[in-house]
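# Remarks on the overall topology
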Amino acid sequence: MPAAPPVMSWPEFQRLRPDLAEAGRTLLYQFGVGLAFLATVRPDGGPRLHPMCPLLTGDALVGFLHPSPKRQDLHRDGRYALHCFPADDNEDAFMVSGRAVAVADPARREAAMAQFLAERRLEAPPPGFETDELFEFRLERCLWTQTSGHGDWNPRHTVWRVADGSGRYHRPHGL
């Protein structure tokens, strides 16, 4: 089996590509809280896609996951892709992929939970939150698409990979 490709944390990515990290934060948080679609790999190799609420904390891109097949997918095969929700007024998009790992550190869980509650102006966790597990989403690659609005025939795509540190501009069909 080939070695897993290299991955990095969100802060490492932010130091190397602040432009992409800021675009990601803006698009993931465009509705006030983090909203994205999380794709995982089912046991049969097929994709599984569900909405989720990512958090950009001071030290990572993380998310709480309920007990579910999606969570089982990440324990079994940590590969993921995370894509922002569609914007209302354009076709801009942000996607990262890589490997997710469960976070066992109670202090990191408490800090992420405090941020989750603060972002939603909640005083207490929602029912069942204690069974949610925190995962860190480490990055292997990123795609940022910029458009001039809906129906843009010439979107600008920036593709970045941790393996080569690239940040190349690609024409729409160059992905």
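Going by the structure above, here's the rest.
Attention in this report is confined to the structure presented alongside it. Because the structure is a prediction, the values reported are computed rather than measured. (Residues numbered from 1 in each chain as written. Predicted model: local features only at pLDDT ≥ 70, side-chain atom pairs only at ≥ 80, totals over all residues. Heavy atoms only, no water.)

### Section: the pairing of strand β6 (residues 93–102)
Note the cut-off: Working definition: with a 1.4 Å probe on protein chains only, accessible area under 20% of the residue-type maximum means buried, over 50% means exposed, and in between means partly exposed. Labels follow the DSSP assignment, with helices taken as runs of H or I lasting at least four residues and strands as runs of E lasting at least two, numbered in each case from the N terminus. The rule for pairing is simple: two strands pair if DSSP sees at least two bridges between them.
Burial of β6 is extensive: 7 of the 10 residues sit out of reach of the surface. Examined bridge by bridge, strand β5 (residues 79–84) and β6 share 5 bridges and lie antiparallel to one another. Its bridge partner being in β6, L82 is matched across the sheet by V96. In this sheet, strand β7 (residues 133–146) lies alongside β6 in antiparallel orientation, the contact comprising 10 bridges. Its bridge partner being in β7, F94 is matched across the sheet by W144.

### Considering the nonpolar core
Within soluble globular proteins, side chains that are nonpolar generally end up buried alongside one another. The line we're drawing: In these notes, a set of buried Ala, Val, Leu, Ile, Met, Phe, Trp, Tyr and Cys residues joined through side-chain atoms within 4.5 Å is what counts as a nonpolar core.
In this structure, F13, Y80, F94 and F137 are the most contacted members of the largest nonpolar core, which totals 40 residues. It is β7 that provides the largest number of residues to this core, a total of 6 residues.

### Some words on unusual backbone geometry
Phi is positive for R121, which is not a glycine, with a value near 55°. Counting through the fold element by element, R121 comes out in the loop between α4 (106–119) and β7.

### So, the pattern of salt bridges
Rule in force here: The salt bridge definition used is simple: a Lys or Arg side-chain nitrogen within 4 Å of an Asp or Glu carboxyl oxygen.
One pass over the full model with this rule turns up 13 salt bridges. Residue D19 is joined to R17 by a salt bridge in which the shortest nitrogen-to-oxygen separation is 2.6 Å. Judged by its relative accessible area of 15%, R17 is buried. As a salt-bridge pair, E136 and R108 come within 3.3 Å of each other at their nearest N and O atoms. Highlighted residues: E136 in strand β7 and R108 in helix α4, separated in sequence by 28 residues.

### What about helix α2 (residues 18–28)?
What counts, and what does not: The arc in question is traced by the directions running from the helix axis to the C-beta atoms.
Where α2 is concerned, the buried positions are L20, A21, A23, G24, L27 and L28. The buried side chains of α2 occupy one side of the element, clustering within an arc of 160° when seen end-on.

### Quick look at the state of the cysteines
To be explicit about the condition: Criterion for a disulfide: a pair of cysteine sulfur atoms within 2.5 Å.
Under the counting rule described, the total for this entry stands at 0 disulfides. With no disulfide of its own, C53 lies closest to C84 among cysteine sulfurs, the gap being 14 Å. C84 supplies the cysteine sulfur nearest to C142, a cysteine that is in no disulfide, at a spacing of 10 Å. Residue classification places C142 among the buried positions, given a relative accessible area of 2%.

### Some words on the packing of aromatic side chains
Selection criterion: Working definition: a ring pair exists when centres of Phe, Tyr or Trp rings (six-membered ring for Trp) sit within 6.5 Å. Plane angles under 30 degrees give stacked, over 60 give edge-to-face, the rest tilted.
Scanning the model with the defined rule gives 8 aromatic pairs in all. Taking the centre distance of 4.6 Å and the plane angle of 20° together, the rings of F37 and F85 count as stacked. With F37 in strand β1 (residues 36–41) and F85 in the loop between β5 and β6, the pair connects residues that are 48 residues apart, well separated along the chain. Residue classification places F37 among the partly exposed residues on the basis of a relative accessible area of 29%. Using a relative accessible area of 19% as the deciding quantity, one classes F85 as buried. Measuring from centroid to centroid gives 5.0 Å for Y80 and F137, while their planes differ by 65°, and the two rings are edge-to-face.

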